[in-house]
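The chain contents come next:
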Amino acid sequence: MPSAETRNVTASHRAWIEVDLGAVARNARALIACARKPLLPMVKADAYGLGLLPIVRALEPLDPWGYGVATVVEGEQLRASGIQRPILITSPTTPTEFGRIIASRLTPSHGDAAAIGSWLAAGGTDWHLAIDTGMHRAGVRWDEIASVADAVRKSPPTGAHTHFHSSELDNGTMQQQTQRFRDAVAALPAAPALLHTENSGAIVRTSPSPWSLVRPGVFLYGVGSGAKLQPEPVVQFFAQIVDIHDLNVGDSVSYDATWTATKSTRVATLSVGYADGYRRSLGNVGSVLIGGRRAKIVGTVTMDMTMVDVTDIPCARGDLATMIGKDGNEQITAEDVATACGLSPYEILTGLNARAPRVYR
Ligand SMILES: *Cc1c(COP(=O)(O)O)cnc(C)c1O
């Protein structure tokens with residue numbers, strides 16, 4: 001159920017997202033206890049759609065080493081809000097961005113000799129070496145590390161990192177990538193001071209961490225992989241019943257008439273749609289909670305409204321519906337929603353960054 005903080009929102013908004021900042025901090029503490037190393041929390045993409053600055057304010061008391069972002073603009077936003085800690089951009093940047101990176105004291109990641117050379121020429125100092133150990137997305141290949149040896153000698157990186165492609169799969173690739181990372185670092189002219197490899201899935205599987213820092217993302221925001229360490233849920237997503245109507249046999253619901261009543265059915269219309277981040281593909285497969293009971297979505301989710309079957313659920317206009325969260329003994333997690341519509345929970349979270357306002361508690 002929504003907290004007292006959301007009452008004002010209930011009065012003026014159709015749908016809203018409640019973010020439990022206390023749970024974010026507790027999830028971060030659980031990861032520190034597990035890794036026994038400082039956190040480099042990944043707050044890219046507006047902290048996975050939950051709101052960059054509120055999330056960072058919740059994490060600041062835990063004294064993280066710094067923050068991880070994907071873009072220069074995200075780093076600039078953190079500096080503008082007064083954050084003084086290191087800010088690492090883990091994605092590649094272009095030389096046209098180097099001036100702004102230096103002006104905001106951000107730390108870029110480079111993975112080839114040309115980029116390192118341009119960085120040095122631009123007057124850049126602090127940077128991390130991105131090593132590709134199998135993700136094949138960015139960074140210098142572990143088995144071509146010699147190609148950056150000269151550049152690294154001229155401009156030594158303060159850190160080096162790699163990223164696992166299958167941290168939630170127990171298929172031996174994490175161990176293989178770790179060994180490639182060790183080999184590549186050993187082949188550098190000197191080992192950088194800060195070495196880091198682990199995202200959320202890897203942190204919970206490798207306790208304590210053998211490296212200097214750990215880079216959690218999704219676990220902080222309440223999504224876990226079912227491993228031994230589970231995060232507390234962080235996000236709840238609510239809407240209101242704005243219409244109730246009774247359908248006869250043969251009446252269809254929503255665009256393209258993908259659902260048709262085969263018996264007398266009572267349908268409630270919720271004030272939430274895909275423009276609020278509630279995916280269109282949940283039509284006819286997802287469900288919501290109303291009065292502590294599960295109501296199935298009928299028909300296609302539209303931009304602004306979603307219809308659910310409430311034939312057996314006493315409810316009235318103005319009642320709450322929970323799309324993600326707890327209501328009585330029932331719960332719908334971000335993973336449940338993702339599974340229902342064939343997406344990853346990462347996409348569900350970052351997709352919430354749309355029209356529905358966020359409320360923090
Ligand atoms: C996004 C990201 C992370 C965090 O991953 P999670 O699976 O959300 O914990 C860590 N490292 C890098 C390089 C990333 O891009």
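Please refer to the structure higher up on the page.
Owing to the predicted nature of the structure, the values given are computational and were not obtained by experimental measurement.

Visitor: Would you explain the site of the ligand in this entry?
Guide: Around the ligand, the structure places 13 residues, and the nearest of them are Lys44, Tyr48, Ser200, Val218 and Tyr346. Separating an oxygen atom of the ligand from a side-chain N or O atom of arginine 137 is a distance of 3.5 Å. The backbone of glycine 217 places a nitrogen or oxygen atom 2.9 Å from an oxygen atom of the ligand. Look at the ligand: alone it shows 390 Å² of surface, and the protein chains cover 93% of it. The class makeup of the residues in the shell around the ligand is five nonpolar, five polar and three charged.

Visitor: Would you mind going over the packing of aromatic side chains with me for this structure?
Guide: Think of a pair of aromatic rings as described by two things: how far the centres are apart, and how the planes are tilted against each other in angle. Counted under the stated rule, the structure contains six aromatic pairs. Note on tryptophan 16 and phenylalanine 238: the rings are 5.7 Å apart at their centroids and 40° apart in plane angle, and the pair reads as tilted. On the criterion of sequence distance, the pair formed by tryptophan 16 in strand S1 (residues 15–19) and phenylalanine 238 in strand S9 (residues 235–247) is long-range, its members being 222 residues apart. Residue classification places tryptophan 16 among the buried positions, given a relative accessible area of 0%. The interplanar angle of 85° and the centroid separation of 5.1 Å between the aromatic rings of phenylalanine 98 and tryptophan 119 together place this pair among those described as edge-to-face. You can see phenylalanine 98 sitting in helix H6 (residues 98–103) and its partner tryptophan 119 sitting in helix H7 (residues 113–121), a full 21 residues away along the chain.

Visitor: I'm lost on H7 in this one. Help?
Guide: One turn of the α-helix equals 3.6 residues, which is why residues spaced by three or four share an orientation. Listing the buried residues of H7 in full gives Ala115, Ile116 and Trp119. Within H7, the buried residues cover an arc of 100° as seen down the axis, which keeps them to one side. Along H7, exposed side chains directed more than 90 degrees from the buried face belong to Ala114 and Ala121. The opening residue of H7, the one whose side-chain oxygen lies 3.2 Å from the backbone nitrogen of alanine 114, is aspartate 112. The positive-phi residue at the C-terminal boundary of H7 is glycine 123, with phi of around 95°.

Visitor: Is there a simple way to think about the packing of helix H4 (residues 52–59) against helix H5 (residues 72–80) in this case?
Guide: Helix-helix packing is characterised by the crossing angle of the two axes and by the distance between the axes. Direction vectors running N to C along H4 and H5 enclose 60°, while the axes themselves pass 11 Å from each other. By the angle between their directions, the pair H4 and H5 is classed as oblique. Here H4 runs over H5; the crossing is right-handed. On H5, the residues touching Leu52, Leu53 and Val56 of H4 are Glu74, Gln77 and Leu78. Looking at the contact of H4 with H5, its residues break down into four nonpolar, one polar and one charged.

Conventions adopted
- Residues numbered from 1 in each chain as written.
- Predicted model: local features only at pLDDT ≥ 70, side-chain atom pairs only at ≥ 80, totals over all residues.
- Heavy atoms only, no water.
- Near = heavy atom within 4 Å.
- Polar contact = N/O pair within 3.5 Å; in protein donor to acceptor, adjacent residues only side chain to side chain.
- Areas by Shrake-Rupley, 256 points an atom, 1.4 Å probe, with all protein chains shown as cover.
- Nonpolar A, V, L, I, M, F, W, Y, C, P; charged D, E, K, R; others polar.
- Phe/Tyr/Trp six-rings, centres within 6.5 Å; stacked < 30°, edge-to-face > 60°.
- Helix = DSSP H or I, 4+ residues; strand = E, 2+ residues; numbered from the N terminus.
- Buried < 20%, exposed > 50% of the residue type's maximum accessible area, 1.4 Å probe, protein only.
- Arc of directions from axis to C-beta.
- Axes fitted to C-alpha atoms, helices over the stretch in contact; angles between N-to-C directions.
- Parallel < 35°, antiparallel > 145°, perpendicular 65-115°, else oblique.
- Left-handed = near helix turned anticlockwise from the far one by under 90°.
- Contact = heavy atoms within 4.5 Å.

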